[in-house]
Amino acid sequence: PLSAYTTVVSEAASRGVPVVVDLSSPRLDAALRGGPAVVKLNDWELAELVTAPVDEPEQRTTAVDRLIQMGARSVVVTRGPSTVYSVDEAGTSVELLPPRLGPGRAAGCGDAMTGALAAALAQGTGWLDAVVVGMAAGAAHYSGRGETSRAVIETLAAEVSRRSVPT
């Protein structure tokens, strides 16, 4: 049942265990009631959640603010082969630009990103560096060569560029 998402997230959070969720509605709505540390979703999932467009920077910022009000402590919004929008617990927004890649396969990139992001955070990596590692892992998966070694991810991470988001 949907209540299980709320229970699992809130129980983990109450014990100091940060929870990373990569869900769509209605499971996301339930998980948000538990207060996850990180919510990773794509732009169309965010638009579905807030029932509004999120294509423009102002729309995306408003939607992410609403997501935080609903219970997320930090947020990562992927935008396909485009940028990643990141907001940490302090409310600092950064947009990340991916490395340039040729044709690839999109299926599974978000899962690769979420897994690498969670692993980096669990190892004590700082927020923005963990998001970069996640983005690089997604890019490695996208390349379709099956090369998701640490060396490949680190090489791609060095190619991720960052820019501040105007407030």
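About the criteria used
Residues numbered from 1 in each chain as written. Predicted model: local features only at pLDDT ≥ 70, side-chain atom pairs only at ≥ 80, totals over all residues. Heavy atoms only, no water. Pairing = 2+ DSSP bridges. Helix = DSSP H or I, 4+ residues; strand = E, 2+ residues; numbered from the N terminus. Contact = heavy atoms within 4.5 Å. Axes fitted to C-alpha atoms, helices over the stretch in contact; angles between N-to-C directions. Phe/Tyr/Trp six-rings, centres within 6.5 Å; stacked < 30°, edge-to-face > 60°. Lys NZ or Arg CZ within 6 Å of the ring centre and 35° of its normal. Buried < 20%, exposed > 50% of the residue type's maximum accessible area, 1.4 Å probe, protein only. Arc of directions from axis to C-beta. Core = buried A, V, L, I, M, F, W, Y, C linked by side-chain atoms within 4.5 Å. Expected span 1.5 Å × (residues − 1).

With that settled, the discussion passes to the sheet that holds strand 5 (residues 93-97). Pairing between sheet strands relies on hydrogen bonds along the backbone, with the strands arranged either parallel or antiparallel. Judged by pairing direction, the sheet is mixed, and its six strands sit side by side in the order 1-2-3-4-5-6 without closing on themselves. Edge positions in the sheet fall to strand 1 (20-21) and strand 6 (161-164), since each has one partner strand and no second. Both strand 3 (residues 74-78) and strand 4 (residues 84-87) contribute to a ladder of four bridges, which runs antiparallel. Among the inter-strand pairings, Val-76 is bridged to a residue of strand 4, identified as Ser-86. Along the sheet face, helix 4 (residues 57-69) touches strand 2 (38-42), strand 3, strand 4 and strand 5 and points at about 45° away from the line of strand 4.

All right, on to the packing of aromatic side chains then. The tally for this structure, following the rule as stated, stands at zero aromatic pairs. One cation-aromatic arrangement involves Arg-60 over Tyr-85; the distance from NZ or CZ to the ring centre is 5.9 Å.

All right, on to helix 3 (residues 43-50) then. Of all the positions in helix 3, only Glu-45, Leu-46, Leu-49 and Val-50 are classed as buried. Seen end-on, helix 3 carries its buried residues on one side only, within an arc spanning 120°. The secondary structure elements touched by the buried residues of helix 3 are helix 2 (27-32), strand 2, helix 4 and strand 3. Looking one or two places after helix 3, you find Thr-51, whose phi comes out positive at around 45°.

Relative to the elements of secondary structure, His-141 occurs in helix 6 (residues 127-142). Residue contacts for His-141: discarding those within four places in its chain leaves Arg-105, Ala-107, Gly-108, Cys-109, Ala-112 and Thr-148.

Here the focus is the nonpolar core. Counting residues in each nonpolar core, the largest one holds 24 residues, and the members touching the most others are Val-76, Val-84, Leu-96 and Val-131. Elements with a contribution of two residues or more to this core: strand 5, helix 5 (109-122), helix 6 and helix 7 (150-157). At nine residues, helix 6 tops the list of elements feeding residues into this core. Setting aside residues no more than four positions away along its own chain, Val-76 makes contact with Val-39, Lys-40, Leu-41, Val-84, Tyr-85, Met-113, Leu-117, Trp-127 and Val-131.

Between its first and last C-alpha, helix 5 extends 20 Å over 14 residues, near the 20 Å set by a 1.5 Å rise per residue. What helix 5 keeps buried is the set Cys-109, Met-113, Thr-114, Ala-116, Leu-117 and Ala-120. Looking at the buried side of helix 5, the elements it contacts are strand 1, strand 2, strand 3, strand 4 and helix 6.

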